[in-house]
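Read off the chains here:
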Amino acid sequence: MSDTQLLTSPLDGRHRALGAKMADFGGWEMPIEYPGGGVLREHQAVRERVGIFDVSHLGKALVRGPGAAEFVNSCFTNDLRKVTPPKAQYTMCCDPQTGGVVDDLIQYFKSEDEVFLIPNCANTTEVVRRMREMLPAELTLTDQHREYGVIAVQGPQSAEVVAALGLPTELEYMSYADATWHDAPMTVCRTGYTGEKGYELVMPWDKAAEMWDALIEAMTPYDGLPCGLGARDTLRTEMGYALHGHELSMDITPNMARAGWAVGWNKPDFWGKDVLAAQKAAKECRLSWGLLVEGKGIPRKDCAIKNAEGVEIGVVTSGTMSPTLRQGIALCLLDRGVTAGDRVVIDVRGREIAAVVAKPPFVRTQVAD
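Here's what I pulled together on the structure shown here. (Residues numbered from 1 in each chain as written. Predicted model: local features only at pLDDT ≥ 70, side-chain atom pairs only at ≥ 80, totals over all residues. Heavy atoms only, no water.)

Some thoughts on the sheet that holds strand E15 (residues 287-293)
Then step 1. Strand order in the closed barrel formed by six strands is E15-E18-E17-E16-E19-E20, and the pairing between neighbours is antiparallel. Averaged over all pairs of adjacent strands, the angle between their axes in this sheet comes to 40°, without regard to strand direction.
Then step 2. Bridging between strand E17 (residues 312-322) and strand E18 (residues 327-334) involves eight bridges; their strand directions are antiparallel. Looking at the pairing, Thr320 lines up with Ile329 of E18.
Then step 3. Helix H7 (residues 229-239) rests against E17 and E18 of the sheet, and its axis sits at about 130° to E17. (Pairing = 2+ DSSP bridges. Helix = DSSP H or I, 4+ residues; strand = E, 2+ residues; numbered from the N terminus. Axes fitted to C-alpha atoms, helices over the stretch in contact; angles between N-to-C directions. Contact = heavy atoms within 4.5 Å.)

So this is what it looks like as structure tokens:
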């Protein structure tokens, strides 16, 4: 996709005014980092103070009508009946035949007759298509991708920044509240993708720029920073959070990703239930692990992993330099039988890098406080 074809967020002008480095992210031209320190400085701001992210590229879709919640619950892995409004829930859309993950998403349980979905940007069209094929006649499914902007406020001082705008902050983790800001309806949700305490603000598309400016001003006393998707990636990797296309994919099931906690195994049905249950019972598939690099070196996606005998036993799904630990880290898939503390070798373009198998997260945070 050429630059002229890339979609842009409602904050595109704000990013360019700040001198952001822009890049293609799932068909959207989004900020990767800003001048003045880049990813390392932005990462540190979120871990220690506060940062804001434009995540308006994320998908948005609304299922509405009698029995909307029941229909959504029959499609996706997690059990919506485990929560009650106003709650949000992490879930996955799986392929019925293979159990592979079409997408992972957040579902906002509004009522029995209304569920708001936030899929990944590149997968929204496919998720919506699959749901429409099964949609009962009494329900409507609306793709609202470009109707709402989304700004994530993340870090230890996130509550102070959000409260400065007069918005609700006393929310349990994965709870949300509907609010009004400058005469516009919006939603504040205690969610995020950094491992720190934070909020995701969903507002009308044409209110996003005004909201961004207000947040920039509100976080100034805390030395907060606008942050690009580069820091979002290093932050989530330190936590061991899955990224679709890396730790989850059509070839990587929830079982392999150790995401069984987001599967309602006792539900009557969901897409892929039978094949996933069979895979779970067989206990043969590779499993997700973390790797801590010893010495210098940065693992990258698709690098092969070998055991002490030189036998290939896995593959890297994500790799980066951890700004917090100041060492290379990775998420990977490894054969059964590997345990935490095992020593392995990562083949990075023909260079062998020693690493130790570990269970993420790699850093401690206060996400659920």
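Some remarks on the nonpolar core
Then step 1. Of all hydrophobic cores here, the largest spans 58 residues; its most connected members are Phe53, Met92, Tyr108, Leu291, Ile305, Leu334 and Ile346.
Then step 2. Residues within four places of Leu334 in sequence aside, it is in contact with Arg286, Leu287, Trp289, Ile305, Ile313, Gly314 and Val357. (Core = buried A, V, L, I, M, F, W, Y, C linked by side-chain atoms within 4.5 Å. Buried < 20%, exposed > 50% of the residue type's maximum accessible area, 1.4 Å probe, protein only.)

Re the sheet that holds strand E7 (residues 101-111)
Then step 1. A sheet is described by the order of its strands in space; here five strands give the open sequence E6-E7-E8-E5-E9, paired in antiparallel fashion. Unpaired on one side and paired on the other, strand E6 (87-94) and strand E9 (140-143) mark the two borders of the sheet. Direction aside, neighbouring strands of the sheet carry axes that sit 25° apart on average.
Then step 2. Taken together, the eight bridges between E6 and E7 define a ladder with antiparallel strand orientation. Bridge pairing links Thr91 to Leu105 in E7.
Then step 3. Packing of helix H3 (residues 68-75) onto the sheet brings it into contact with strand E5 (61-64), E7 and strand E8 (114-118), and relative to E8 it is tilted by some 40°.
Then step 4. In the packing of helix H4 (residues 124-134) onto the sheet, contacts are made with E5, E6, E7, E8 and E9, and the angle to E9 comes to roughly 165°.

Digging into the layout of surface pockets
Then step 1. Roughly 240 Å³ of internal volume is contained in the second largest pocket.
Then step 2. In this structure, the second largest pocket is lined by 16 residues; those nearest its centre are Lys110, Phe116, Tyr148, Asp178 and Thr187.
Then step 3. Secondary structure elements with two or more residues in the lining of the second largest pocket: E5, E7, E8, strand E11 (176-181), strand E12 (184-189) and strand E13 (198-204).
Then step 4. When the residues that make up the lining of the second largest pocket are grouped by side-chain class, the tally is ten nonpolar, two polar and four charged. (1 Å grid on protein atoms, 1.4 Å probe; cavity = no way out; pocket = protein on both sides within 12 Å on 5 of 7 lines; lining within 4 Å. Points joined across faces, edges and corners; volume = space filled by probe spheres on them. Nonpolar A, V, L, I, M, F, W, Y, C, P; charged D, E, K, R; others polar.)

What to know about the pairing of strand E4 (residues 51-54)
Then step 1. Covered by surrounding structure in E4 are Gly51 and Phe53 together with Ile52 and Asp54, the residues of both alternating faces.
Then step 2. Pairing analysis gives four bridges linking E4 to strand E10 (residues 148-154), with the strands arranged antiparallel. Bridge pairing in E10 links Phe53 to Ala152.
Then step 3. Where E4 lies against strand E14 (residues 225-227), three bridges are found, and the strand directions are parallel. Counterpart to Ile52 in the pairing with E14 is Pro226.

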